[in-house]
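Commentary on secondary and tertiary structure
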Amino acid sequence: MAKKNEVRYVCSECGYVSLSPMGRCPGCGEWGTVEAEVLPISTEARKSGSSPLSPRSILGLKPPKRLPSGIGELDRVMGGGWVEGGVVLLGGQPGIGKSTLLLQVCGNLARSGSKVLYVSGEESASQVALRASRLGADSEGLELLCIADVEMALESLNDHGLVVIDSVQAMKDPGEGGWPGTPSQVRATAQRCIDTAKSKGIPMVLVGHITKEGRIAGPMLLEHMVDTVLLFSGDDGSPYRTLRATKNRYGGTDEVGLFQMGERGLTPVDDPSGLYWDRGDQSVPGVGLTVVMEGSRALVAEVQALAASTNFAYPRRTARGTSVNKLHLLLAVLQKRCGLTSSGLDVYVNVAGGMDLRDPGADLALALSLASSAMDRALPSDCCLLGEVGLVGEIRPVGRTGQRLREAARLGFRSAVVSAREKEEAPKGMDVMAVRSLAEAMARLGLN
C-alpha cells in the first residue's frame, strides 16, 4: 500500500500536478483528465564512498552516427536518417499511412543487410505480413513480433539496427497499473523503450495515435521524453501526404517531406511545385503566383482571391491556407495606402493544393491577388511575386531570394516583382521589376 505522500495526481492533457484528486483540472479546465500516479520509492543517488562524476570536454565528443532510411524525403525531415539510440515518435490520424511508411523503411534496411524488428500490438502476424508482401518489404532480415507486452518485446532485442513499436498506445507495461492507452501506461511504456534504446544504442520508432484535436494521444510528457516528433498528415480524399518534424534534437524542424500514396505504398513526390500549381497559361483575375520556402526547398504557391459585391451590412471574409488576420491586414493596407476600398465586397482567399502559407514572402502575391479580383484585372500568368508587405505599404525583402528566383526561372516564369532593397541578381532570361511600395507594384502591373 503506497503512502499518501507517494501518490500525486497528474492531468493527461496539460501535465498539471496536484496532491489531491479532483474532477476538473485547474490548468486546462478539462474534466476527467486528472489521474493518480504512484511515485517510485526513492533510493540513495549513489553509495557512500563512490567517486563523483567528472565532466568531459565538448571538443572530444563526436556527433552520433546516422542510419539512412532509404527514403530521401524521410531522411530530409529527420536531418539525415535514424540516430543510434535516438527515439522517434511518429504520429498521424488513422489510415494516413504510418505503418505503411515504416514497413517500407524496414524493408529497405533489411535488404541492405540490417536486422530490423517490427513489434505490432494491434495487428496479427498475418495482417502485417500481407501488407509487407503488398509493399514489397518482406525480407529475411525483417523480423516480426505481435505482442502487447512491452517488457517481453524489448527482451527479444539482440543485434537489431532498428526497432518499430506500433503503437505506444497499444502496448502494456506489466509493472504499471491500468489499461493500455491510459496516461500512466503510455508514459511507462515510452520510458522503457527510451531506456532500452539509449542503453543498447538502437534507433527506435514509436507510433502514436492522434486525437480529434490533432495532437498525439497520451500525456504531453510523451513528446518531451522522445528525441524527435514527426507528424504525418494529409487531406481526406487526396493521395498526397505531408511529413513534418515538430521537434528534432538531431536536426531542424523546418523541412517538409511530400509523399504520394499508391497501390505500392508511399512514393516521394519528385516535383513538389506541381502539387500546388496547375501551370496554366491563361491569366485569370484574382490569381497571384509566388515562391515560398519550406525548409531548404522552394515551392511555387498559387494564391486565389475572389471579391464579390455583398448583400449584407457586414461583408464576409474567408481564408483557406492563410490566416484571416493576414487577410484583414492586407485589405486595410490596400484601402489606406492604395485607395482600394473593399467595404462593400465579400472576400474569399484560397491557397491552391491545400498549402498552408507561413512564409511572409507570400504577402505581395496575396495583396495583389486581392487587388486583381477587386478590380477584375488579371495579373500576368508568368510573373512571380516576392515580398513582404508592411503596414505603411512598403515592400520588404525576403530570405533566399536568389534561390526563389532560380526555381521560378526553372519552371518557366519570365518576370518577377521583388523589393527594391533586394541585392540578388536576376537569373538569365528573367525580367525582374524592383518596387518600393505596394502602390508602385500595382501601377507596374496595370492595377491602377
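See above for the structure.
These lines cover the structure that appears in this document, whether it is placed above or below. (Residues numbered from 1 in each chain as written. Predicted model: local features only at pLDDT ≥ 70, side-chain atom pairs only at ≥ 80, totals over all residues. Heavy atoms only, no water.)

**Let's talk about the overall build of the protein chain**
The line we're drawing: Strands are runs of DSSP state E lasting at least 2 residues, helices are runs of H or I lasting at least 4, and numbering of each runs from the N terminus. Only protein chains enter the accessibility calculation, which uses a 1.4 Å probe; a residue is then buried when its area is under 20% of its type maximum, exposed when over 50%, and partly exposed in between. The contact rule is simple, with two residues in contact once any of their heavy atoms fall within 4.5 Å. Using a 1.4 Å probe, accessible areas were evaluated by the Shrake-Rupley method; residue-level cover was limited to the displayed protein chains.
Counting secondary structure elements, the protein chain contains 11 helices and 23 strands. Taking the principal axes of its C-alpha atoms as reference, the protein chain extends roughly 80 × 55 × 50 Å. The proportion of buried residues among the 448 residues of the protein chain is 47%. Pairs at least 24 residues apart make up 64% of the contacts formed inside the protein chain by residues separated by at least 6 positions. Summed over its atoms, the accessible surface of the protein chain is roughly 22,500 Å², and 50% of this surface lies on carbon and sulfur atoms.

**Focus on the sheet that holds strand S8 (residues 142–146)**
Rule in force here: Two strands pair if DSSP finds at least two bridges between them. Fitting a line to C-alpha atoms yields each axis, with helices limited to the stretch in contact; the angle taken between N-to-C directions then spans 0 to 180 degrees.
Strand order in the open sheet formed by nine strands is S8-S7-S9-S10-S6-S11-S12-S13-S14, and the pairing between neighbours is mixed. A single partner strand is all that each edge strand has here, and the edge strands are S8 and strand S14 (265–268). Sheet twist, expressed as the mean angle between neighbouring strand axes with direction ignored, is 25°. The sheet contacts of helix H3 (residues 125–135) involve strand S7 (116–120), S8 and S14, and relative to S8 the element is tilted by about 150°.

**Describing the pairing of strand S15 (residues 287–294)**
Along S15, seven of the eight residues are buried, which leaves the element largely enclosed by surrounding structure. With eight bridges connecting them, S15 and strand S16 (residues 297–309) associate as antiparallel partners. Bridge pairing links Gly288 to Val303 in S16.

**A word on the packing of aromatic side chains**
Spelled out, the test is: Here a pair means two rings of Phe, Tyr or Trp (six-membered ring of Trp) with centres within 6.5 Å. Their orientation is stacked below 30 degrees between planes, edge-to-face above 60, and tilted elsewhere.
Going through the model one piece at a time under the given rule, you end up with one aromatic pair. When the ring of Phe232 is compared with that of Phe259, the centres are 5.9 Å apart and the planes differ by 75°; the resulting orientation is edge-to-face. Of this pair, Phe232 sits in strand S11 (residues 228–233) while Phe259 sits in strand S13 (residues 256–262), and the two are 27 residues apart along the sequence. Note on accessibility: Phe232 and Phe259 belong to one class, buried.

**Focus: the state of the cysteines**
Our working rule: In this description, the term disulfide denotes a pair of cysteine sulfurs within 2.5 Å.
Enumeration over the complete set of coordinates arrives at zero disulfides. Free of any disulfide, Cys106 has its nearest neighbouring cysteine sulfur in Cys146, separated by 13 Å. With no disulfide of its own, Cys338 has Cys383 as its nearest cysteine by sulfur position, at a separation of 16 Å. Judged by relative accessible area, which is 22%, Cys338 ranks as partly exposed.

**Focus on helix H8 (residues 324–338)**
For clarity, the threshold we go by: One less than the number of residues in a helix, times 1.5 Å, gives the span that helix is expected to have. By arc we mean the arc of the directions from the helix axis to the C-beta atoms, nothing more.
Here H8 spans 20 Å end to end across 15 residues, near enough to the 21 Å set by a 1.5 Å rise per residue. For H8, the full list of buried residues reads Leu327, Leu330, Leu331, Val333 and Leu334. Take H8 and look down its axis: the buried residues cluster within an arc of 160°, on one side only. Exposed residues on H8 whose side chains face more than 90 degrees from its buried face are Asn325 and Lys336. Looking at the buried residues of H8, the elements they touch are strand S17 (317–320), strand S18 (345–351), helix H9 (363–375), strand S20 (388–389) and helix H11 (438–444). Gly339 lies just past H8 and shows a positive phi near 70°.

**Observations regarding a nonpolar patch on the surface**
Going by this rule: To count toward a patch, a residue needs a relative accessible area above 30% and no salt bridge. Like charges then connect within 9 Å, nonpolar side chains (Val, Leu, Ile, Met, Phe, Trp, Tyr) within 5 Å. The term salt bridge refers to a side-chain nitrogen of Lys or Arg lying within 4 Å of a carboxyl oxygen of Asp or Glu.
Together, Ile58, Leu59 and Leu61 make up an exposed nonpolar region whose accessible area comes to about 380 Å². Position of Leu59 relative to the elements: it lies in the loop between strand S3 (34–38) and strand S4 (66–67).

**A short note on the environment of Ser381**
Of note, Ser381 is situated in the loop between H9 and strand S19 (383–385). Each C-alpha atom, one on Ser381 and one on Ser415, is 9.6 Å from the other, the two residues being 34 residues apart in sequence.

**Description of the pairing of S11**
Pairing of strand S6 (residues 87–92) with S11 involves five bridges; the strand directions are parallel. For Leu89, the partnering residue across the bridge sits in S11 and is Val229. In this structure, S11 lies alongside strand S12 (residues 240–248), joined through six bridges in antiparallel fashion. When the bridges of S12 are listed, Leu231 appears paired with Arg244. Between S11 and S12, which pair antiparallel one after the other, the connecting turn spans six residues, and Gly237 there sits at a positive phi close to 85°.

**Examining the nonpolar core**
Test applied: Remark: nonpolar core denotes a set of buried residues (Ala, Val, Leu, Ile, Met, Phe, Trp, Tyr, Cys) joined through side-chain atoms within 4.5 Å.
Within the largest apolar cluster, 45 residues are counted, with the highest numbers of intra-cluster contacts made by Leu368, Leu370, Leu385, Val417 and Leu438. Of the residues forming this core, the biggest block, seven residues, is contributed by H9. Setting aside chain neighbours within four positions, we find Leu438 in contact with Val333, Leu334, Cys338, Leu364, Ala367, Leu368, Val389, Gly393 and Ile395. Grouped together as the second largest cluster of nonpolar side chains are 32 residues, Leu109, Leu135, Leu142 and Leu266 included.

**Let's talk about the side chain of Ser373**
Topologically, Ser373 is positioned in helix H9. Excluding residues that lie within four positions of it along the chain, Ser373 makes contacts with Pro285, Gly286, Ala305, Leu306 and Ala307.

**Comments concerning the pattern of salt bridges**
Per the counting criterion, the structure on display carries 17 salt bridges. Put simply, Glu294 and Arg244 hold a salt bridge, and the shortest N to O gap is 3.3 Å. Residue Glu294 is located in strand S15, and its partner Arg244 is located in strand S12; the two are separated by 50 residues in the primary sequence. We classify Glu294 as buried; its relative accessible area is 11%. Note on Arg244: relative accessible area 24%, which makes it partly exposed. For Arg444, the salt bridge goes to Glu440, with nearest N and O atoms at 3.9 Å. Linking Arg444 with Glu440, this pair stays in helix H11, spanning four residues, or about one helical turn.

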